Amino acid sequence: MPDGSVVALSPETVLGEMKKNGVSHVVWLPDSETNWLYLLMKAEPSLTLVGVSREGHACSIAAGIAVGGRTPMILIQNTGMMESGDSIRGWLMGLNIPVVLMVGYRGWTRHGVNADTAATFTERFLMAFNLSYYLVESDADAPRISVAFQEAARTRKPVVVLVGDEYHGFNR
Amino acid sequence: MMHIADVLKAFQPHRGDAIVVPGRGGRHWINLSDNQMLDAPVGDPAMGGHAGFAFGLALAQPGRKVVLFDSEGDILMSLGMLVSIAEQAPTNFYHFLLDNECYATTGGQPVPNAQNVAYDVIARGAGYPRAHAFTELAPFASALPEILDRPGPVFVALKVHAEIENAPITQRRRWNPRSRDKVAHDLHETLAKG
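What you are looking at is a predicted structure, and each value in this text was computed from that prediction instead of being measured. (Residues numbered from 1 in each chain as written. Chains lettered and ligands numbered in written order. Predicted model: local features only at pLDDT ≥ 70, side-chain atom pairs only at ≥ 80, totals over all residues.)

Draft legend 1. Looking closely at the interface of chain A and chain B. Taken residue by residue, the interface counts 27 residues in chain A and 27 residues in chain B. For the side of chain A that touches chain B, the secondary-structure elements that each account for two or more residues are strand S2 (48-51), helix H3 (55-67) and helix H5 (85-93) of chain A. Tallying contributions element by element places H3(A) first for the side of chain A that touches chain B, with nine residues. Here the side of chain A that touches chain B is composed, by residue class, of ten nonpolar, 13 polar and four charged. (Contact = placed C-beta atoms within 7 Å. Helix = DSSP H or I, 4+ residues; strand = E, 2+ residues; numbered from the N terminus. Nonpolar A, V, L, I, M, F, W, Y, C, P; charged D, E, K, R; others polar.)

What follows is the structure in structure tokens.
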């Protein structure tokens with residue numbers, strides 16, 4: 001594991017992955033990791049940012065965007081992902097929506113000892129929903145984001161990218 | 001109070017090439033629609049999401065009208081959706097609300113504060129530039145052409161009679177021959193053809 005204070009997941013890298021994979025709409029709710037990414041996304045003319053006030057809303061919106069022929073991405077935190085369970089089931093899995101959910105991994109410590117139940121239950125939640133997921137901690141892991149997009153397109157299912165970089169890249 | 005079927009009959013001549021998300025009016029719309037490949041009768045994938053789904057369609061297809069027949073039980077689960085819609089303000093989005101004041105598919109239990117909620121006021125407060133409310137068919141039918149001729153987003157609250165179902169779900173008549181994922185697939189393919 002690289003030293004997180006030196007090597008991190010930069011918002012520029014994440015934005016590059018979005019553009020490479022043709023994302024047209026980012027349906028999102030801000031969390032503690034995403035402010036710098038927000039500023040970059042806002043300045044990117046190829047992206048439409050669709051703000052929601054509760055994460056479950058992002059699922060039906062993304063489903064409509066995808067059925068309408070564009071490419072959504074959902075950007076939320078793990079707490080909101082867990083809140084969204086029934087919408088993930090019904091609107092994303094039930095309609096076979098190929099979409100990537102980029103999920104801030106609040107509480108992630110890498111060593112299994114954490115003080116945040118948001119982290120404790122994140123991967124258990126994903127396994128319970130049988131959702132495929134990839135962990136991204138630094139720029140070196142960024143190609144996994146494209147892997148997630150490819151898998152979503154191939155399987156016509158939601159695929160999750162867990163962002164295990166709470167205090168570095170997205171905040172610079 | 002209006003009957004849902006009458007509301008949809010009044011709308012049908014004005015449909016044009018709009019995408020229609022019939023929501024809980026689907027069982028009636030399926031017999032009225034002249035273009036089922038542009039309909040999205042997805043049933044109830046997860047309650048509260050019809051507005052988001054139709055909103056997403058409107059964002060993805062800005063050149064085509066999207067007409068949603070939402071319900072008050074659904075929108076009460078996702079009132080925050082109204083501010084997201086109002087912020088993006090898709091001009092092709094037409095949001096009708098079928099308000100029967102109850103959860104009809106679970107036996108007709110009242111929604112909270114059923115008779116005292118002004119959904120058009122809530123929509124306007126959320127930022128919709130236009131909102132209307134109708135309790136009778138004639139004024140609604142009369143206003144409908146202008147509502148649809150002007151740019152959206154617009155919110156139209158309609159008081160309708162409840163069509164209460166009490167039969168166990170497994171004993172209810174299946175009105176939609178297509179599964180919801182087939183509906184989504186068909187609409188996607190139709191829109192891809194232009």
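Draft legend 2. Fine view of the sheet that holds strand S6 (residues 158-163) of chain A. Residues and elements named next belong to chain A. Across the sheet, six strands lie side by side as S2-S1-S3-S4-S6-S5; this open sheet has parallel pairing. Edge positions in the sheet fall to S2 and strand S5 (132-136), since each has one partner strand and no second. Within this sheet the neighbouring strands show an average axis-to-axis angle of 20 degrees, counted without direction. Inspection of the sheet shows strand S3 (residues 72-77) paired to strand S4 (residues 99-104) by five bridges, in the parallel sense. Residue Gln77 lies in a different strand from S4, and its bridge partner there is Gly104. (Pairing = 2+ DSSP bridges. Axes fitted to C-alpha atoms, helices over the stretch in contact; angles between N-to-C directions.)

Draft legend 3. Representation of the confidence of the model for chain B in the model. With 100% of its residues at a pLDDT of at least 70, chain B reaches an overall mean of 96. Confidence estimates for the predicted assembly give a pTM of 0.95 and an ipTM of 0.96. (pLDDT = per-residue confidence, 0-100.)

Draft legend 4. Up close: the sheet that holds strand S2 (residues 66-71) of chain B. Residue and element names in this part refer to chain B. The sheet built from five strands is open, its strands ordered S1-S2-S3-S7-S6 with parallel pairing. The sheet is open, and its two edges are formed by strand S1 (19-21) and strand S6 (130-134), each paired on a single side. Across the sheet, the mean angle separating the axes of adjacent strands is 15 degrees when strand polarity is ignored. Sheet topology note: the S2/strand S3 (residues 93-99) ladder contains six bridges and is parallel. By the bridge assignment for S3, Val67 is matched with Tyr94. Against the sheet, helix H6 (residues 119-126) contacts S3, S6 and strand S7 (154-159), and its axis sits at roughly 175 degrees relative to S6. Contacting S3, S6 and S7, helix H7 (residues 137-149) runs over the sheet at an angle of about 165 degrees to S6.

Draft legend 5. How the structure looks around the packing of H3(A) against helix H3 (residues 50-60) of chain B. Running from N to C, H3(A) and H3(B) cross one another at 40 degrees; their axes reach a closest spacing of 6 Å. One element, H3(A), and the other, H3(B), form an angle in the oblique class. As for how H3(A) packs across H3(B), the hand of that crossing is right-handed. Of the residues in H3(B), those touching H3(A) at A:His57, A:Ser60, A:Ile61, A:Ala62, A:Ala63, A:Gly64, A:Ile65 and A:Val67 are B:Gly52, B:Phe53, B:Ala54, B:Phe55, B:Gly56, B:Leu57, B:Leu59 and B:Ala60. (Parallel < 35°, antiparallel > 145°, perpendicular 65-115°, else oblique. Left-handed = near helix turned anticlockwise from the far one by under 90°.)

Draft legend 6. Structural view of unusual backbone geometry. Residue and element names in this part refer to chain B. Cis geometry marks the peptide bond from Gly152 to Pro153; its omega dihedral reads 0 degrees. Here Pro153 lies in the loop between H7 and S7. Here the phi dihedral of Glu101 falls at roughly 65 degrees; this positive angle occurs in a residue that is not glycine. Within the secondary structure, Glu101 sits in the loop between S3 and strand S4 (102-103). Glu101 gets classed as buried once you count the C-beta atoms within 10 Å, which come to 20. With phi around 55 degrees, Asn113 is a residue other than glycine that occupies positive phi space. (Buried ≥ 20, exposed ≤ 12 C-beta atoms within 10 Å, placed from the backbone.)

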